[in-house]
Amino acid sequence: MKRFRSNSLGKSWTRRATLVSVGAAVSSPAFAQRPSGMALWPVSGPPVLRGAVIAQRRRRESVDGPDAGGGEAVLPKYTTDDFRKLANAGANLVVMSYPEVWTVAKPWKRDEPVAAILSRQIAQATNAGLYVVVALRSGPGRSDFVFQRDAADTWFPKEMIVDSLWRDADAQAAWAAMCVDAARLVAGARGVAGLNIMVEPDANMSGLDRQGRKLDAWTADEYARQVGAVSDWKRFAGDCARGVRAAAPDLPVLISPPAFARPDFLSVMGAPPVSGTVWCIHDYEPRGFTHQDKRARGKALFVDRDRKDFAARLDAAKHAGAPVFLGEFGAARWGEGAPDYYSALIAECETRGVGWAAFRWPTSDREYERLDDTFNVSWGAGIEDTEGAALPALKAGWIKNRARPARDGLRGRAPTP
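Residues numbered from 1 in each chain as written. Predicted model: local features only at pLDDT ≥ 70, side-chain atom pairs only at ≥ 80, totals over all residues. Heavy atoms only, no water.

Novice: Describe the pattern of salt bridges, listing the residues and the values that go with them.
Specialist: Here the structure, examined in full by the defined rule, presents 26 salt bridges. One salt bridge connects Asp-304 with Lys-308, and the closest N-O pair in it is separated by 3.3 Å. In this pair, Asp-304 and Lys-308 are both assigned in helix α11 (residues 304–317), four residues apart and thus about one turn of the helix distant. Taking relative accessible area as the criterion, Asp-304 reaches 48% and is therefore assigned partly exposed. Among the ionic pairs, Glu-369 bridges to Arg-360, the shortest N-O distance being 2.5 Å. In terms of burial, Glu-369 and Arg-360 fall into one category: buried. (Salt bridge = Lys/Arg side-chain N within 4 Å of Asp/Glu carboxyl O. Helix = DSSP H or I, 4+ residues; strand = E, 2+ residues; numbered from the N terminus. Buried < 20%, exposed > 50% of the residue type's maximum accessible area, 1.4 Å probe, protein only.)

Novice: Explain the nonpolar core to me, and be specific about the residues and the numbers.
Specialist: By size, the foremost hydrophobic cluster in this structure holds 98 residues, and its most contacted members are Trp-233, Phe-329, Tyr-342, Trp-361, Leu-394 and Trp-398. Per element, the largest residue contribution to this core is 11 residues, and it comes from helix α5 (residues 169–186). Leaving out residues up to four positions away in the same chain, Phe-329 has contacts with Asp-283, Tyr-284, Tyr-341, Tyr-342, Leu-345, Ile-346, Trp-356, Ala-357, Ala-358, Phe-359 and Leu-394. Core analysis: the next-biggest nonpolar cluster, separate from the first, contains 23 residues, Met-38, Val-53, Val-199 and Ala-357 among them. (Core = buried A, V, L, I, M, F, W, Y, C linked by side-chain atoms within 4.5 Å. Contact = heavy atoms within 4.5 Å.)

Novice: A description of the confidence of the model for the chain should follow, citing residues and the corresponding values.
Specialist: Summary statistics for the chain give a mean pLDDT of 89 and a share of 88% for residues scoring 70 or more. Predicted confidence is poor over residues 1–32, with pLDDT under 50, and the contacts of this stretch with residues over four places away or in other chains come to 57 contacts. Confidence drops under a pLDDT of 50 for residues 409–417, and excluding neighbours within four residues, the segment shows 15 contacts in the predicted structure. (pLDDT = per-residue confidence, 0-100.)

In structure tokens:
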């Protein structure tokens, strides 16, 4: 039995055709129904999904060489054993922050090797006992390097940062088409818990204001007042979500607010655009603590006031009309008090029935991990630590997991609606 639908939108498409298909979704009977996959995203009661995030990018030979990631199209490479280790630690969810199901540059189309790796990873993770959220990280008009701006012109040239998505209606239509294609690719796949239509939308930084100038808005009020029509993520996200809902009636649609998924920007998103919406927020506050440099260890701390502020952000998000998911959180592994940070955020999520995923579950490729080690949740302040700063707290939260995707030929324990 095929687990993935191989049909896509084809090699050619038009913005007009995409918008017509999105418009048709509004009158679809499925639009008004509660997707069956929403049993994994309860509005009340304890959360069902607790896990971790993996983040990948498209391998670029000019930057990475021919052999990084095993020479595959995506790196780092995750294996069945990596997913089994996560499941054995107690997690029941992996969020795949995944790159370029469609190409960044024209002609915009599915990148077949990348799509094939995604399909393989989903099967591997599900067989290991993990639900999967597929989160679209890059694609038409948006490169992986938007997440690496601070490192521009060090290990990669600045020109590799592509963020034209927020200023190009045609690129946005292509992104929406990628969302539909990805939905068709994963819809009905055993263990897929949802599709996040964009990881950390950054229209507030890369978009345009109403006068056509760079927006650069860092408060929700400022963004709402100044964002130009072409850069309006609320409108753009609605287009993507309606296309996904028409293509995959039972697939939960995860939507993040602007400003890199900051919860205080949920106020600009309005009502959920489709049934089966899940608001996906990321929280890395206070940033001086979560992103501290090794040399600054102990200068920034996570204190009780920070915990209360986080709880207030969750409370506000819970009033935004849809289930809430803390899709990323984490702290530099060498931070003083890091275990208490993880325990505090998990406890506040559990109190409010919010599912969560910690950033970042590592691979077994130690060479790669040494290059990207800040948020490795399995390492402590020293890489030889057997229990990382985060792992005991995460395991204490993961032990509450009960739901698992059904394994091949077996009946799994499914959540109740």
